[in-house]
Structure formats: C-alpha cells, structure tokens
Amino acid sequence: MTRTRTHRRWISPVVAAVSILALAASLAAVAGAAGAAGASGTAATEKAKAGKPKKVESGTATLESADDPKLSGTVTFTQLADAVRVVVDVSGVDKPGQHGIHLHENGKCDHDPAGKHYTSAGGHFNPTAAQHACREATAHHAGDFGNIEIKPDGSGHLTVVTAMLSLGGPNSPIGKAVILHTGEDDCKTQPTGNSGGRLACGVVEAAGGGGH
Ligand code: CU
Ligand code: ZN
C-alpha cells in the first residue's frame, strides 16, 4: 500500500511534465499548421490570380486488415500524361496466390462486429456503367485492377496503368477505397468477380499537399 503511494507520488510530477510537454507540442503544431495554412492560402490566391489551379498529382492508400493485423500495404496513384499509374505493395498476407484487388466507390473502411468487414466501401468504382471484368478486357469497371499475386512469403507487388482514372475530376481515386480480397477475381462474375471476402481496405488520400 505504502509502496504504491510512494510510487505514485514519485511518478505524478513526471506524468504532469510529460503532459505539459505534449500540450506544448500540440499547441506548437496547431500554430505551425495555422501558419502553413495561411501561407498556402496566400500561394493559392496568387496561383488563382495567375490562372493556374492547384493540381493533385498523387494519392496514397494505406491498407489495413480487420482480421489480420500483421497485413500491411500501400497503394499509390500517380498522374501520368493521360493515365494514372497504380502501384500496390503488400506484405503479411496469409494465403499465397491470386487475390482480387479493386478501387471501390466509397472511401469508408468500417469494421463490422459480425465479421463482414468493409461492406461500407460499396461496389467497384464504375463511372462508365461497364460490366465487371479484369483490366485486360476492352471494357471493365474503372476500379477493376484484376489480381495481385501473393508470393509464398506473403508479399505482393502490382503495377497497373489505367486511362480510366484521373487524379482530377469525377474519375479521381481520391476519397475512394482500395479493397484487397481473400480470393481470386475470376474476371467474369457480375458485378464482383467472385473474389471472396474483403481482406484489407484503405482510403485513398491526396498525397503531400505540396501541390506542385
Ligand atoms: Cu473489390
Ligand atoms: Zn469490377
């Protein structure tokens, strides 16, 4: 009893000091952000005057899995001249082989207590009202990235270049979600490719904020 009290009395000033430091740091961060916002606001105004709107040229999604915390992954979207390059890197996937991967229409990666995770992301992003297929097909959903091959060590890498996405305008992947599935996309079953459950999810966010 006495020991616990002594211990507490000793630790309290430390906790208090740490709290004050954390508070100071967050205040500094807020001040910094406000300064940065002010500065970029000015830059944006100058750019607008010059007739050059600020462009988003890349985005990133960080994948997370409700069922498998060791799974991790990133998906980057980079604007090219007339297309977007999508690069997927994942690791920690339990099951090697082909896994369907798509851009889904809603940027929501909600867990579901019943275990049917990420239904919040909705269906495949499909602004052209196309049929589901894989990317080799002439017509497919804009969100159809096909399959990523997971190696026996649980890692996978995929590059897709698609003219159906654009970082600006209605076909932007920003604010949508990438879903990695438990199974292989058969490239024909409507409208999902029968890719199984939703293993991992990540919302695509505009990268950097540098805007150059
Ligand atoms: Cu999907
Ligand atoms: Zn599809």
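Residues numbered from 1 in each chain as written. Chains lettered and ligands numbered in written order. Predicted model: local features only at pLDDT ≥ 70, side-chain atom pairs only at ≥ 80, totals over all residues.

Description of the overall build of the protein chain
Each helix and strand in the protein chain was counted, giving one helix and eight strands. Walking the protein chain from its N terminus toward its C terminus, one meets helices and strands in the order α-β-β-β-β-β-β-β-β. Contacts in the protein chain between residues at least 24 apart in sequence constitute 60% of all its contacts with a sequence separation of at least 6. (Helix = DSSP H or I, 4+ residues; strand = E, 2+ residues; numbered from the N terminus. Contact = placed C-beta atoms within 7 Å.)

Observations regarding the environment of A177
Within the fold, A177 resides in strand β7 (residues 177–181). The spacing of A177 and V203 is 26 residues in sequence and 4.3 Å in space, taken between C-alpha atoms. Ignoring anything within four residues of it in the chain, the contact list for A177 reads H104, N106, G107, K108, C109, A121, C201, G202, V203 and V204.

Looking at the nonpolar core
Within the largest apolar cluster, 32 residues are counted, with the highest numbers of intra-cluster contacts made by L63, V86, A177, V178, I179, L180 and C201. For this core, the secondary-structure elements that each account for two or more residues are β1 (58–63), β2 (72–79), β3 (84–91), β4 (97–104), β5 (144–150), β7 and β8 (198–206). Among the elements that take part in this core, β8 stands out by supplying five residues, more than any other. Ignoring any residue separated from it by four or fewer positions in sequence, one finds L63 in contact with S72, G73, T74, V75, V90, V178, L180, A200, C201 and G202. (Core = buried A, V, L, I, M, F, W, Y, C linked by C-beta atoms within 7 Å. Buried ≥ 20, exposed ≤ 12 C-beta atoms within 10 Å, placed from the backbone.)

Observations concerning the environment of I174
Following the sequence through the fold, I174 ends up in the loop between β6 (156–162) and β7. As for I174 and A206, which are separated by 32 residues in sequence, their C-alpha atoms are 6.1 Å apart. Beyond its immediate chain neighbours, meaning those up to four positions away, I174 contacts V56, G59, L167, V204, E205 and A206.

Remarks on unusual backbone geometry
Of note, the amide linkage connecting Q190 to P191 takes the cis form, showing an omega dihedral of -10°. We note that Y118 has phi near 65°; this positive angle belongs to a residue other than glycine. As for its position among the elements, Y118 is in the loop between β4 and β5. In this structure, C187 is a non-glycine residue whose phi angle is positive, near 65°. On the neighbour-count criterion, C187 (19 C-beta atoms within 10 Å) is partly exposed.

Observations regarding the pairing of β4
The element β4 is extensively covered by neighbouring structure, given that six of its eight residues are classed as buried. Of the strand pairs in this sheet, β4 and β5 are connected by five bridges, and their pairing is antiparallel. Counted as the bridge partner of H102 is D144 from β5. Bridge analysis of β4 against β7 gives four bridges, and the strand direction is antiparallel. Paired with H104 across the strands is A177, a residue of β7. (Pairing = 2+ DSSP bridges.)

With respect to the pairing of β1
Going residue by residue along β1, you find G59, A61 and L63 tucked away on one face and S58, T60 and T62 left uncovered on the opposite face. Pairing analysis gives three bridges linking β1 to β8, with the strands arranged antiparallel. For A61, the partnering residue across the bridge sits in β8 and is V204.

Some points on the confidence of the model for the protein chain
When pLDDT is averaged along the protein chain, the result is 82, and 72% of the positions lie at 70 or above. Scored below 50 in pLDDT, residues 1–49 makes three contacts in the model with residues more than four places away or belonging to other chains. (pLDDT = per-residue confidence, 0-100.)

Describing the environment of L165
With respect to the element layout, L165 can be found in the loop between β6 and β7. The spacing of L165 and A142 is 23 residues in sequence and 6.6 Å in space, taken between C-alpha atoms. Dropping the residues within four chain positions of it, L165 is found in contact with V84, A142, N171 and P173.

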